[in-house]
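Below are the chains, spelled out letter by letter.
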Amino acid sequence: GPEAEFEYYNFEALNIPATHPARDMQDTFFLNNANQVMRTHTSSVQVRAMEQYGAPLKMIVPGRVFRNEALDASHDHTFYQLEGMMIDKDLTIGNLLAVMKLLLKEMFGREIKVRLRPGYFPFVEPGFELDAECAICSGKGCSVCKRSGWVELIPCGMIHPKVLEAGKIDSSKYNGWAFGMGLSRLVMMKYKIDDIRLMQGADLRFLSQFAL
């Protein structure tokens, strides 16, 4: 999907109208071009994919996203996400959780301790935050996990019927789930990197650690 995105796909089509307070959840870079922003999430591709492919649908969308926010050890203005979405008949939260746990197991090469807690996102209902035990401190608490022992890793949930309808999919016949994983945070966990800003820097000593 495009990094310079129309507000419609980044917000309105995802059940976030112009007057909705959820717009304040994401500090956005607005462009001079009419009705365009630097996309704040890869979720902007959801309705684009529905329009093009219909249902049933399975998709993965990796890409760069942008937030106008203060920088710290776990936040940057530019980072990478991985969007995943599945639309079919009779899908459940159990399907979603099973895929998330398998994905993390394959990424880390071992079982990862996770927890699922309620979370609010306008484009899913119900919505969840899937947290993973912090690999930097093994759950003891550090600057990356804000001393909690957990890292917020995968916002996810069941796709809101309004989003399906924006994608011209009959919500009485189909349902689905979606997740948006922060790839930059996942890399931090896998390689025990304690500051996300290092990945956008130009220090070759940092890059030379990784055999590619």
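Cut-off values and rules
In this numbering scheme, every chain counts its residues from 1 along its sequence in written order. Whole-chain, interface and lining totals are the exception, using all residues; otherwise, since this is a predicted model, local features are given only for residues with pLDDT of at least 70 and side-chain atom pairs are given and counted only at 80 or more. By convention in this description, side-chain values take in all heavy atoms of the structure and omit both hydrogens and water. Only Phe, Tyr and Trp rings are paired, with Trp represented by its six-membered ring, and only when their centres lie within 6.5 Å; those with planes under 30 degrees apart are stacked, over 60 edge-to-face, the remainder tilted. To sit over a ring, a charge needs its Lys NZ or Arg CZ within 6 Å of the ring centre and within 35 degrees of the ring normal. Only buried residues count toward a nonpolar core. Its members are Ala, Val, Leu, Ile, Met, Phe, Trp, Tyr and Cys residues joined through side-chain atoms within 4.5 Å. Only protein chains enter the accessibility calculation, which uses a 1.4 Å probe; a residue whose area is less than 20% of its type maximum is buried, one above 50% is exposed, and one in between is partly exposed. Each helix corresponds to a stretch of at least 4 residues labelled H or I by DSSP, and each strand to a stretch of at least 2 residues labelled E; elements are numbered beginning at the N terminus. The contact rule is simple, with two residues in contact once any of their heavy atoms fall within 4.5 Å. By definition, two strands form a pair when at least two bridges between them are found by DSSP. Fitting a line to C-alpha atoms yields each axis, with helices limited to the stretch in contact; the angle taken between N-to-C directions then spans 0 to 180 degrees.

Caption draft 1: Spotlight on the packing of aromatic side chains. Scanning the model with the defined rule gives three aromatic pairs in all. Centroid distance Y8 to Y9: 5.0 Å. Interplanar angle 80°. Geometry classified as edge-to-face. For K89, the ring lying beneath its charged end belongs to Y174, and the centroid distance is 5.6 Å.

Caption draft 2: Region of the structure containing the nonpolar core. Among the nonpolar cores identified, the biggest contains 31 residues, and L104, I154 and M189 are the most heavily contacted of them. Residue assignment for this core shows that the elements contributing at least two residues are β4 (78-88), α3 (93-108), β6 (124-133), β7 (150-159), β8 (175-182) and α5 (183-191). Broken down by element, the residue count for this core peaks at five residues, all from β7. Dropping the residues within four chain positions of it, I154 is found in contact with M100, L104, F128, E129, L130, F179, G180 and M181. Formed by 25 residues, the second largest nonpolar core is a distinct cluster that contains V61, M85, I169 and A178.

Caption draft 3: Region of interest: the pairing of β6. By the criterion of burial, β6 is predominantly enclosed, with seven of the 10 residues buried. With five bridges joining them, strand β5 (residues 114-118) and β6 adopt antiparallel strand pairing. Pairing of L116 across the sheet is with L130, part of β6. Between the antiparallel neighbours β5 and β6 lie five residues. Strand direction decides the pairing type here: β6 and β7, joined by eight bridges, are antiparallel. Within β7, the residue paired with E133 across the bridge is W150.

Caption draft 4: Region of the structure containing the sheet that holds β8. If you trace the six strands from one edge of the open sheet to the other, you get β3-β4-β8-β7-β6-β5, paired in antiparallel fashion. Each having just a single partner strand, β3 (57-66) and β5 make up the two edges of the open sheet. Neighbour-to-neighbour, the strand axes of the sheet open up by a mean angle of 20°, direction not taken into account. Across the sheet, α3 is in contact with β5, β6, β7 and β8; its angle to β8 comes to roughly 30°. Packed onto the sheet, α5 meets β4, β7 and β8 and runs at close to 60° relative to β8.

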